[in-house]
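Reading the structure
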Amino acid sequence: NAGVTQTPKFRVLKTGQSMTLLCAQDMNHEYMYWYRQDPGMGLRLIHYSVGEGTTAKGEVPDGYNVSRLKKQNFLLGLESAAPSQTSVYFCASSFGGTGIMGYTFGSGTRLTVV
Amino acid sequence: GIQVEQSPPDLILQEGANSTLRCNFSDSVNNLQWFHQNPWGQLINLFYIPSGTKQNGRLSATTVATERYSLLYISSSQTTDSGVYFCAVSTGTASKLTFGTGTRLQVTL
C-alpha cells in the first residue's frame, strides 16, 4: 500500500521550459490537492479536485494547470517555468463528503527553476 | 480569507520535557488538522480534530471551536519529535486547507 506517490522527487528546469508533476494515490480517495511550500512559510493551495474529471483553482493557481482524467491520478503542469515557481510541491488526498478525514501527503517534489 | 496563527514560532526543548503548541483561527471551521513535517520534509497527519479532544500516545490535541483555537500537547518529548508542526483549517467544502506558518520544534539531548 503505497499511499500517495509523487514523481519526480527532484527536478531542475530552465526558465521557459515545461514539465508535468505526477501524483498517484491508491486509497480510492475522492479529493486530491496540489500545494506549494516556500521557505519559512506554510503550504499554499494551487489547485484541487473533488473527483474524477473535476478541477478547481486554489489560492495561487497562476502559471499552473491540472488534470484529473483518472480518479487515482492528479497531474500538475507548468507550461513555461519561471524562477518564482522554485518551490517544494506536495500532493495530498483525502476522502470526501461525509467521510472527510485527514489528509495523506506525498513525499514532495523539489523543483528549481534557473 | 481565514487567518491561522501559530505560536510559538520556535521552541527548543530538552528531551523529556512537555510542550504546548497553539493554533488560533479567525473564523468558524469544519476541518482542522495538525501535521508534523520531519527534518526530511515528509508531512505526517497527526490529528483530524475540528472539535473535541483526541490522544495518540504521547501526543494529544484539543480544539475549542467556539473560541477558535486548538492546542497540541507533546509529553515526554523525544529527539524524533523535532521538526515543524503545522495547524491547518478549512471553512468550506472540499476540505481546502489553509495552513499556519508552523512551530519549529527542536528537541535536544
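Look above for the structure.
1. Let's talk about the overall build of chain A
Counting secondary structure elements, chain A contains zero helices and 11 strands. In terms of overall dimensions, chain A is globule-like: its C-alpha atoms have a radius of gyration of 13 Å, near the 13 Å expected for 114 residues. With respect to the principal axes defined by its C-alpha atoms, chain A has extents near 45 × 25 × 25 Å. Across the 114 residues in chain A, those meeting the buried criterion constitute 46%. Surface summary for chain A: the accessible area is close to 5,400 Å², and the carbon and sulfur share equals 55%. When the 10 positive and 7 negative side-chain charges of chain A are each reduced to one mean point, those points stand 7 Å apart.

2. Some thoughts on the pattern of salt bridges
Residues and elements named next belong to chain A. Here the structure, examined in full by the defined rule, presents four salt bridges over all chains. Between Glu30 and Lys71 there is a salt bridge, with its nearest N and O atoms 2.8 Å apart. Of the two residues, Glu30 is situated in the loop between β3 (19-25) and β4 (31-37) and Lys71 in the loop between β7 (64-67) and β8 (73-78); the sequence distance between them amounts to 41 residues. Two residues, Asp38 and Arg36, come together in a salt bridge whose shortest N-O distance is 3.0 Å. With respect to class, Asp38 is no different from Arg36; both count as buried. A network of salt bridges, in which partner residues are shared, links Arg36, Asp38 and Arg44.

3. Focus: the interface of chain B and chain A
Tallying the contact residues gives 17 residues for chain B and 19 residues for chain A. A buried area of about 1,500 Å², summed over both sides, lies between chain B and chain A, and 60% of it is on carbon and sulfur atoms. Looking at the side of chain B facing chain A, the largest losses of area belong to Leu43, Ala94 and Phe99 of chain B, adding up to 31% of the total buried there. For the pair chain B and chain A, the interface holds zero salt bridges. Where chain B meets chain A, there are seven residue pairs in polar contact (both at pLDDT 80 or more). Secondary structure elements with two or more residues in the side of chain B that touches chain A: β4 (31-37) and β5 (43-48) of chain B. With four residues, the single largest contributor to the side of chain B that touches chain A is β4 of chain B. In the side of chain B that touches chain A, the residues fall into seven nonpolar, nine polar and one charged.

4. Considerations on the layout of surface pockets
Of the voids in this model, the largest pocket is the one considered here, and its volume is about 650 Å³. Along the wall of the largest pocket there are 33 residues; nearest its centre are Gln37, Val88 and Arg110 of chain A together with Gln37 and Gly41 of chain B. Counting only elements with at least two residues in the lining of the largest pocket, the list comes to β9 (87-94) and β11 (109-113) of chain A together with β9 (83-90) and β11 (103-108) of chain B. No other element matches β11 of chain A, which puts four residues into the lining of the largest pocket. Class assignment for the residues of the lining of the largest pocket results in 12 nonpolar, 16 polar and five charged. In this structure, the second largest pocket encloses a volume near 450 Å³. Those elements giving two or more residues to the lining of the second largest pocket turn out to be β5 (43-49) of chain A together with β10 (98-99) of chain B. When residues of the lining of the second largest pocket are assigned to their parent elements, the largest contribution, three residues, is made by β5 of chain A. Looking at the lining of the second largest pocket residue by residue, the classes come out as seven nonpolar, nine polar and three charged.

Parameters and conventions
Residues numbered from 1 in each chain as written. Chains lettered and ligands numbered in written order. Predicted model: local features only at pLDDT ≥ 70, side-chain atom pairs only at ≥ 80, totals over all residues. Heavy atoms only, no water. Helix = DSSP H or I, 4+ residues; strand = E, 2+ residues; numbered from the N terminus. Rg over C-alpha atoms; globule rule 2.2 N^0.38 Å. Buried < 20%, exposed > 50% of the residue type's maximum accessible area, 1.4 Å probe, protein only. Areas by Shrake-Rupley, 256 points an atom, 1.4 Å probe, with all protein chains shown as cover. Lys, Arg positive; Asp, Glu negative; His and termini not counted. Charge placed at Lys NZ, Arg CZ, Asp CG, Glu CD. Salt bridge = Lys/Arg side-chain N within 4 Å of Asp/Glu carboxyl O. Contact = heavy atoms within 4.5 Å. Buried area = accessible area lost by both parts, 1.4 Å probe. Polar contact = N/O pair within 3.5 Å; in protein donor to acceptor, adjacent residues only side chain to side chain. Nonpolar A, V, L, I, M, F, W, Y, C, P; charged D, E, K, R; others polar. 1 Å grid on protein atoms, 1.4 Å probe; cavity = no way out; pocket = protein on both sides within 12 Å on 5 of 7 lines; lining within 4 Å. Points joined across faces, edges and corners; volume = space filled by probe spheres on them.

Honestly, that's just the spatial picture; any functional story needs more than this.
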